[in-house]
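Examination of the molecular architecture
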Amino acid sequence: MSARVEMKGLSKAFGGQPALRGVSLSLAPGTTTTLVGPSGAGKTTLLRCLAGLVSQEAGEILFDGSAVGKLPAESRSVGFVFQSYALFPHMTVRDNLAFGLDVRRTARHTRDARVAELSALLALDPLLDRRPSQVSGGERQRVALGRAIAHRPALLLLDEPLAALDPNLASSVREVLLSTIRRERTTVLWVTHDRADALRLGDRVVLMRDGRIEQIGSPPQLYRSPVNPFVATFFGPGTIWRLPAAPNGHGLEVKTPLGRVAIAGSEIGPVTLLVRPEAIRPAESGEGAEVSVAEAHYEGDRYRLRVSYEGGETTLEWPADREIHKGDSLRVRLESSLVVLLPPEPTSTARGDWGEPEALAPNKE
């Protein structure tokens, strides 16, 4: 049965270097939360603390209100799917699936029924008598998932389970993982390095940096309402501008390098805007501003362009109704409703300078 999982002020250091700095997070029963952040953010350390593989130095972990932070790993109702699969090479697929049930001394008929259920659910029936070395990467990942959920854990932890798979295989395994998780109604914390997956898979998204949580929210909240420039830059390309604003009768008007935009607000003075590619649209003659194409990448139904304007560069998408080439001039405008007004001051967890207007690079690991 899935559990409400609460982490309160978790801290952990390795060799004097903090890995977690007072992390507090709640996971609602039966929900999937994706956890993202740059290398060294503390994501895997958080998972290992929850699993009991390392012990936190401060703070509490509670499952349905009961403290489990001092219990050994085998006494916690946790399933863990590792990036490396971590299957037992000397065991068959059948025995790997049954391992957690055997450890818990499950009755044989109950164990066999659960293994049969999982092998059917995960399309593993033809592979049950093979060893991990005799099946593909995608099949091994399905076995790892089945082993992790066989005992119906209160919490399922996924540590970048798709990272070792090629894109096409990752896509099919992703669908299997999602459908299985939904069927099992498990509480899930899913670490991923893929930012698109973080938005696509999670009921909620948690973004970490330097052992702290920067922002928690629904996928649209983190994409459309980032609390600081770090969150804004993490989830996609775009441009940040710090510009003066003036009242226009219904809010504020801002003159940008790509034309004027109207935004909600009342405080007169500089504002910080995030302009993502989808906010930049083709314009009629006389509207917006003229830009020059610096790079053009054809993607079938659209182009992804990097364009230059007076004072900088940005990324945008353009209809593929005609060919676009490097050096072409285009006329663009901003869609005011898609321009994001960033908070006027960094939040207490944000670190770094708001800085000058900057172009944001596409997602990279």
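So, here's what we can say about the structure. These numbers were taken from a predicted model, which means no experiment stands behind them.

Before going further, it helps to examine the overall build of the chain. Across its full length, the chain carries 8 helices and 21 strands. C-alpha atoms of the chain, sized along the principal axes, occupy 75 × 45 × 40 Å. When the 365 residues of the chain are sorted by exposure, 48% land in the buried category. Pairs at least 24 apart in sequence give 67% of the contacts found in the chain among residues at least 6 apart. Positive and negative charge centroids in the chain, built from 44 and 43 side chains respectively, lie 7 Å apart.

Here we come to the pairing of strand β18 (residues 312-319). The pairing of strand β17 (residues 302-309) with β18 spans 8 bridges and is antiparallel. Paired with Val307 across the bridge in β18 is Thr314.

What follows is about helix α5 (residues 167-184). For α5, with 18 residues, the first-to-last C-alpha span of 25 Å sits near the 26 Å given by 1.5 Å per residue. Turning to α5, its buried residues are Ala170, Val173, Arg174, Leu177, Leu178, Thr180, Ile181 and Glu184. Where α5 is buried, its residues touch β3 (32-36), α3 (108-121), α4 (137-149), β7 (155-159), β8 (187-191) and α6 (195-201). Arg185 sits one or two residues past α5 and shows a positive phi near 55°.

Here α4 crosses α5 at 15°, and the two axes come no closer than 10 Å. Taken together, the axes of α4 and α5 are roughly parallel relative to one another. Classified by chirality, the crossing of α5 by α4 is right-handed. Taking contact as the criterion, the partners of Gly137, Gly138, Gln141, Arg142, Leu145 and Ile149 in α4 are, on α5, Leu169, Val173, Val176, Leu177, Thr180 and Glu184. Within the contact of α4 with α5, the residues separate by chemical class into 6 nonpolar, 4 polar and 2 charged.

It is at 6 Å that the axes of helix α2 (residues 93-103) and α4 come closest, and there the two elements cross at 30°. On the basis of their axis angle, the class for α2 and α4 is roughly parallel. Between α2 and α4, the contacting residues are Val93, Asn96, Leu97 and Phe99 on the first element and Val143, Gly146 and Arg147 on the second. When grouped by side-chain class, the residues that make up the contact of α2 with α4 number 4 nonpolar, 2 polar and 1 charged.

Time to look at the sheet that holds strand β5 (residues 66-67). Spatially, β2-β1-β4-β5 is the arrangement adopted by the 4 strands of the open sheet, whose pairing is antiparallel. At either margin of the open sheet sits one strand with a lone partner, and together these are β2 (17-27) and β5. Bridging between strand β4 (residues 58-63) and β5 involves 2 bridges; their strand directions are antiparallel. In the strand pairing of β5, Leu62 is matched with Ala67. Across the sheet, helix α1 (residues 43-51) is in contact with β1 (5-14), β2 and β4; its angle to β1 comes to roughly 115°.

What follows concerns the layout of surface pockets. Rolling a probe over the atoms, with the probe sized like a water molecule, indicates the empty space that remains. Approximately 500 Å³ is the volume found for the largest pocket. Forming the walls of the largest pocket are 18 residues, and the residues nearest its centre are Val78, Phe80, Phe82, Phe99 and Arg104. Elements that contribute at least two residues to the lining of the largest pocket include exactly β6 (78-81), α2 and α4. Residues that form the lining of the largest pocket fall into these classes: 11 nonpolar, 3 polar and 4 charged.

Core analysis: the largest hydrophobic core is formed by 32 residues, its most contacted members being Leu156 and Trp190. For this core, the secondary-structure elements that each account for two or more residues are α2, α3, α4, β7, α5 and β8. When neighbours within four sequence positions are excluded, Trp190 is seen to be in contact with Thr32, Thr33, Thr34, Leu35, Leu158, Pro161, Leu162, Leu177, Leu178, Ile181 and Leu201. In terms of nonpolar packing, the next biggest core, distinct from the first, is built from 29 residues, Leu20, Val23, Ala51 and Ile61 among them.

What follows concerns the sheet that holds strand β9 (residues 204-209). Pairing in this open sheet of 6 strands is mixed, and the strands run β6-β7-β8-β3-β9-β10 from one edge to the other. The open sheet has two edge strands with one neighbour each: β6 and β10 (212-217). The average undirected angle you get between the axes of adjacent strands in this sheet is 20°. As defined by bridge partners, β7 adjoins β8 across 5 bridges and the pair is classed as parallel. Following the sheet pairing, Leu155 is matched in β8 by Thr187. Each of β6 and β7 is contacted by α4, which is oriented at about 170° to β6, the strand it contacts most.

Turning next to the packing of aromatic side chains. Tallied over the full model, the rule gives 6 aromatic pairs. Taken together, a centroid distance of 4.6 Å and an interplanar angle of 50° make the contact between Phe88 and Phe99 tilted. Within this pair, whereas Phe88 is found in the loop between β6 and α2, its partner Phe99 is found in helix α2, the two being separated by 11 residues in sequence. Overall, Phe88 belongs to the partly exposed group, its relative accessible area being 26%. Grouping aromatic residues by their ring pairs yields a cluster made of Phe230, Phe234 and Phe235. Above the face of the Phe234 ring, Arg195 is positioned so that its terminal group lies 4.0 Å from the ring centre. Over the ring of Tyr223 we find Arg276; its NZ or CZ atom is 4.1 Å from the centre of that ring.

Cut-off values and rules
- Residues numbered from 1 in each chain as written.
- Predicted model: local features only at pLDDT ≥ 70, side-chain atom pairs only at ≥ 80, totals over all residues.
- Heavy atoms only, no water.
- Helix = DSSP H or I, 4+ residues; strand = E, 2+ residues; numbered from the N terminus.
- Buried < 20%, exposed > 50% of the residue type's maximum accessible area, 1.4 Å probe, protein only.
- Contact = heavy atoms within 4.5 Å.
- Lys, Arg positive; Asp, Glu negative; His and termini not counted.
- Charge placed at Lys NZ, Arg CZ, Asp CG, Glu CD.
- Pairing = 2+ DSSP bridges.
- Expected span 1.5 Å × (residues − 1).
- Axes fitted to C-alpha atoms, helices over the stretch in contact; angles between N-to-C directions.
- Parallel < 35°, antiparallel > 145°, perpendicular 65-115°, else oblique.
- Left-handed = near helix turned anticlockwise from the far one by under 90°.
- Nonpolar A, V, L, I, M, F, W, Y, C, P; charged D, E, K, R; others polar.
- 1 Å grid on protein atoms, 1.4 Å probe; cavity = no way out; pocket = protein on both sides within 12 Å on 5 of 7 lines; lining within 4 Å.
- Points joined across faces, edges and corners; volume = space filled by probe spheres on them.
- Core = buried A, V, L, I, M, F, W, Y, C linked by side-chain atoms within 4.5 Å.
- Phe/Tyr/Trp six-rings, centres within 6.5 Å; stacked < 30°, edge-to-face > 60°.
- Lys NZ or Arg CZ within 6 Å of the ring centre and 35° of its normal.

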